[in-house]
Number of protein chains: 2
Amino acid sequence: MSATPENTPSAPPPIGQMIAQFRASRNHSLQDLSNLSGVSKGMISQIENGQVNPTLAVVWKLASGLGVRLQDLLDEPDANKPGIEFIYLTKENCPTLTSPGHGYEVQILNTTDMVETVELYLVRFMPNGEMTSAPHVTGTMETVTVFQGEVEVDVDGARHRVKSHETARYSADVPHCLRCAGDKEALAYLAVKFPAPNQAALPVP
Amino acid sequence: MSATPENTPSAPPPIGQMIAQFRASRNHSLQDLSNLSGVSKGMISQIENGQVNPTLAVVWKLASGLGVRLQDLLDEPDANKPGIEFIYLTKENCPTLTSPGHGYEVQILNTTDMVETVELYLVRFMPNGEMTSAPHVTGTMETVTVFQGEVEVDVDGARHRVKSHETARYSADVPHCLRCAGDKEALAYLAVKFPAPNQAALPVP
DNA sequence: GCACACTGTTCAATATATTAAACCCGATAG
DNA sequence: CTATCGGGTTTAATATATTGAACAGTGTGC
């Protein structure tokens, strides 16, 4: 019997619920996930119902079968219950950054007060407008979709072109730049996806 | 139905090495960590040497004793392989889901093989097209930006309207529905942000 | 030399995680 | 109705994770 030391800040993660949620969201039966992961379906049932403490290897197999990372199964499912929300963003009430010298302006579609792993922007380019970014955190990816005009994307020196109603996804952990191509205004939707914010630095020895 | 091929993306995490590193970095003996975590020191020894597959509960106790999050023990020591990438998505080479009976089609701007906490979609609505979604994981938020036509958003029964070039952000952990308003086609960009884990967020047919 | 305190390893006993098969239940046929 | 199937649960047998104690090495001081 464990002495239950005083440093038990929270409960062990309810991994069963997470697995059940993931499995349900993919419309997989226990048998399906068993085939995908190599874990017996009886075991999966017991894990989902919290009747056993699965081995790390088994949890890893399940994460593999579900196509998620191990860490994704460990996050608390309902740490905070936000409540139903609906926010309407117009050009007026939406925080907008203008960069007149560079010929573009950016609407920030995220609320800035919440820490997010993704940021959403709407970028309007004047002709010859250019938005240059320093490298972001390693692993950051950007997805840009053009809705008006045409945009040129430089990624680490390489130059690419994205036409209207098309999309490009590229590494943003290197110097990169978005530029209005042609003489018409351009409108683009930019999603910046940061890697998961874990990576607690190892303490100095 | 789906004969998923061998999915052995990587090896199970070398958690023993991580624990040994953390323990060494704090100058803790096996006995110390045993006292802190409540796991027997023999067990810790075997785990560090990779001789056993620890139970998730034990790994969690060790993480607690070390004062780190569970995820911190699971990260590969140096698994980050940046590699500069640029992917161009057109309507042709982009996975598209059509739902002819419901009058909309969806381009998936994420690659499906990478685990993300955000999913990006481009949705084209026919007049009267309607995309209904079951609730996603608690805490999921959706951001929809309209680029053509007008879109009606139902969130948990409440009805809202988003005009062209405007944006709405709303809770997606309740029943919700996007609908073409008016008799013109509508084009919308949809970003689905999950709290932490990834989840398939495709509409219910 | 011995005894001691400390490290980390390994051993026998026990608890339990894991499997494959049996089982239960609702739906859909026939 | 009975049969059958797929979904989920439970069960008996096995494998193995976990424990506490015994073991081995390493200095340290007397």
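Let me begin by describing the structure that accompanies this report. (Residues numbered from 1 in each chain as written. Chains lettered and ligands numbered in written order. Predicted model: local features only at pLDDT ≥ 70, side-chain atom pairs only at ≥ 80, totals over all residues. Heavy atoms only, no water.)

What follows concerns the protein's contact with DNA strand D. Close to DNA strand D lie 20 residues, the nearest being Leu30 and Ser45 of chain A together with Ser40, Thr55 and Val58 of chain B. The contact atoms of DNA strand D, taken as those within 4 Å of the protein, divide so that sugar and phosphate hold 72%. The contact in question runs from a phosphate oxygen of DNA strand D to an N or O atom on the backbone of Leu30 of chain A, over 2.8 Å. With respect to DNA strand D, the side chain of Thr55 of chain B contributes an N or O atom lying 2.9 Å from a phosphate oxygen. Of all elements in the fold, only helix H3 (41-48) of chain A together with helix H3 (41-48) of chain B reach the threshold of two or more residues within the surface near DNA strand D. Among the elements that make up the surface near DNA strand D, the one with the highest residue count is H3 of chain A (four residues). Residues of the surface near DNA strand D, tallied by class, amount to six nonpolar, 12 polar and two charged. (Near = heavy atom within 4 Å. Polar contact = N/O pair within 3.5 Å; in protein donor to acceptor, adjacent residues only side chain to side chain. Helix = DSSP H or I, 4+ residues; strand = E, 2+ residues; numbered from the N terminus. Nonpolar A, V, L, I, M, F, W, Y, C, P; charged D, E, K, R; others polar.)

Now for the protein's contact with DNA strand C. Around DNA strand C sit 20 residues in total, of which Thr55 and Val58 of chain A together with Ser29, Leu30 and Ser45 of chain B are the nearest. Of everything in DNA strand C that lies within 4 Å of the protein, sugar and phosphate atoms constitute 73%. Backbone polar atom of Leu30 of chain B to a phosphate oxygen of DNA strand C: 2.9 Å apart, as the coordinates give it. Contact distances for DNA strand C include 3.3 Å between a phosphate oxygen and a side-chain N or O atom of Asn49 of chain B. At four residues, H3 of chain B tops the list of elements feeding residues into the surface near DNA strand C. Partitioned by chemical class, the residues of the surface near DNA strand C number six nonpolar, 12 polar and two charged.

All names here are of chain A. Applying the stated criterion to the full structure yields 16 salt bridges over all chains. Across the pair Arg159 and Glu152 runs a salt bridge, and its minimum N-O distance is 3.8 Å. Overall, Glu152 belongs to the buried group, its relative accessible area being 10%. If you follow the salt bridges from partner to partner, you end up with Glu130, Glu150, Glu152, Asp154, Arg159, Arg161 and Arg179 in one network. (Salt bridge = Lys/Arg side-chain N within 4 Å of Asp/Glu carboxyl O. Buried < 20%, exposed > 50% of the residue type's maximum accessible area, 1.4 Å probe, protein only.)

Residues and elements named next belong to chain A. Every buried residue belonging to helix H2 (residues 30-37) is among Leu33, Ser34, Leu36 and Ser37, and all of these are buried. Mapping the buried residues of H2 onto a view down its axis gives an arc of 165°, with all of them on the same face. Looking at the buried side of H2, the elements it contacts are helix H1 (15-25), H3 and helix H4 (56-66). Remark: Gly38 follows H2 within two positions and exhibits a positive phi of approximately 85°. (Arc of directions from axis to C-beta. Contact = heavy atoms within 4.5 Å.)

Residue and element names in this part refer to chain B. Side chains of strand E5 (residues 130-133) alternate between two faces, with Met131 and Ser133 buried and Glu130 and Thr132 left unburied. Summarising the sheet, E5 and strand E10 (residues 176-181) pair through four bridges and their orientation is antiparallel. Within E10, the residue paired with Ser133 across the bridge is His176. (Pairing = 2+ DSSP bridges.)

Here helix H1 (residues 15-25) of chain B has its buried residues at Ile15, Gly16, Met18, Ile19, Phe22, Arg23 and Ser25 of chain B. Buried positions along H1 of chain B lie against H4 of chain A together with helix H2 (30-37), H3, helix H4 (56-66) and helix H5 (70-74) of chain B. Just beyond H1 of chain B, the residue with positive phi is Asn27 of chain B, at close to 55°.

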